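Coordinates in review
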Amino acid sequence: MRDIMHLAGIHQFLNMIFHKGRMSNYTRPHIRGATVFFTVGLRLQGSDTLLREIHLLRSAVARTLRERPVTVNAWVVLPDHMHCIWTLPEGDCDYSTRWRIIKSRFSRKLAKVPLRASDTKRQGRGIWNRRFWEHHIRSKADYDSHMEHCWLDPVRHGFVSKPEHWEYTSFAKLRRAPVFCA
């Protein structure tokens, strides 16, 4: 029951960030070698762009992570958002640049969409939410909870009945993945 309440709290917070509110004056932690859970979403809720253009996303991610490696502990892509858990290399805390590059490489390959003034000012393409949500993993229980969130999200959204049936996840590949080390 506690795990369900924790996951409900995560969804509530994500809804506030991505759909209803803004994060003002937020300073991201800079912890070298951290294990971090991310949620990255498209601006247009309900879009299927990430799945429809999965080849572009895979290409952008692969190229970026070849240049700036991380350990991918989990990754799940849904139609309009994705979750992942990365462990950064020792001495490295720069996940923001990785996300900027991934989002940019993906967006450049898509047809242009109508832009807001803020997109033009920041040279954005209007595809992604400007920000992403990150949570630094603090313990084995925290890691397990966020790993479960990744695996179960396609089920929660009603796309499949079992996590292993979702095609756009690292579930099968990483089921025996390295566990969190504090």
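Scroll up a little and you will see the structure.
Attention here is on the structure that accompanies the text. Because the structure is a prediction, the values reported are computed rather than measured. (Residues numbered from 1 in each chain as written. Predicted model: local features only at pLDDT ≥ 70, side-chain atom pairs only at ≥ 80, totals over all residues. Heavy atoms only, no water.)

Re the overall build of the chain
Helix and strand counts for the chain stand at 7 helices and 4 strands. Order of helices (α) and strands (β) in the chain, N terminus to C terminus: α-β-α-α-β-β-α-α-β-α-α. Taking all 182 residues of the chain together, the buried fraction comes to 49%. Within the chain, contacts between residues at least 6 apart in sequence are counted, and of these 72% link residues at least 24 apart. Summing over all exposed atoms, the chain offers an accessible surface of approximately 10,700 Å²; the carbon and sulfur share of this is 53%. (Helix = DSSP H or I, 4+ residues; strand = E, 2+ residues; numbered from the N terminus. Buried < 20%, exposed > 50% of the residue type's maximum accessible area, 1.4 Å probe, protein only. Contact = heavy atoms within 4.5 Å. Areas by Shrake-Rupley, 256 points an atom, 1.4 Å probe, with all protein chains shown as cover.)

Description of the pairing of strand β2 (residues 71-77)
Within β2, 5 of the 7 residues are buried, which leaves it mostly tucked inside the rest of the structure. Where β2 lies against strand β3 (residues 81-87), 6 bridges are found, and the strand directions are antiparallel. In the strand pairing of β3, Val77 is matched with Met82. Joining the antiparallel neighbours β2 and β3 is a turn of 3 residues. (Pairing = 2+ DSSP bridges.)

Digging into the packing of helix α3 (residues 54-67) against helix α4 (residues 95-108)
One can describe the packing of α3 onto α4 by two numbers: an axis separation of 8 Å at closest approach and a directional angle of 145°. Helix-helix and strand crossings are classified by hand; for α3 and α4 the assignment is right-handed. Across the interface between the two elements, Leu56, Leu57, Ala60, Val61, Arg63, Thr64, Leu65 and Glu67 of α3 pack against Arg98, Ile101, Ile102, Arg105 and Phe106 of α4. Tallied by class, residues from the contact of α3 with α4 come to 8 nonpolar, 1 polar and 4 charged. (Axes fitted to C-alpha atoms, helices over the stretch in contact; angles between N-to-C directions. Left-handed = near helix turned anticlockwise from the far one by under 90°. Nonpolar A, V, L, I, M, F, W, Y, C, P; charged D, E, K, R; others polar.)

Let's talk about the packing of aromatic side chains
Tallying each qualifying case throughout the model produces 13 aromatic pairs. Pairing Phe38 with Phe132 gives two aromatic rings, centres 5.8 Å apart and planes at 65°, and the pair type is edge-to-face. Note that Phe38 is positioned in strand β1 (residues 35-41) and Phe132 in the loop between α5 (117-121) and β4 (133-136), a separation of 94 residues in sequence. For the residue pair Phe38 and Phe132, the accessibility class agrees, reading buried in each case. Three or more aromatic residues joined by ring pairs make a cluster, and in this case those are Phe38, Trp75, Trp86, Tyr95, Trp99 and Phe132. (Phe/Tyr/Trp six-rings, centres within 6.5 Å; stacked < 30°, edge-to-face > 60°.)

Concerning the nonpolar core
The biggest cluster of nonpolar side chains holds 43 residues, and the ones touching the most others in it are Leu57, Trp86 and Trp99. Among the secondary structure elements, those contributing two or more residues to this core are β1, α2 (49-52), α3, β2, β3, α4 and α6 (140-156). For this core, the element with the highest residue contribution is α3, accounting for 6 residues. (Core = buried A, V, L, I, M, F, W, Y, C linked by side-chain atoms within 4.5 Å.)

Observations concerning the pairing of β4
Going residue by residue along β4, you find Trp133 and His135 tucked away on one face and Glu134 and His136 tucked away on the opposite face as well. Judged from the 4 bridges that link them, β1 and β4 form a sheet pairing that is antiparallel. Considered in β4, the bridge of Phe37 is made with His135.

Some points on the environment of Asp142
Structurally, Asp142 can be placed in helix α6. For Asp142 and Phe37, which are 105 residues apart along the polypeptide, the C-alpha to C-alpha distance reads 9.9 Å.

What to know about the sheet that holds β1
Spatial ordering of the open sheet is given by β2-β3-β1-β4, a layout of 4 strands whose pairing is antiparallel. Here the strands that pair on one side only, and so sit at the sheet edges, are β2 and β4. The average angle at which neighbouring strand axes cross in this sheet is 15°, direction not considered. Sheet contacts for α3: β2 and β3; angle to β2, the most-contacted strand, approximately 165°.

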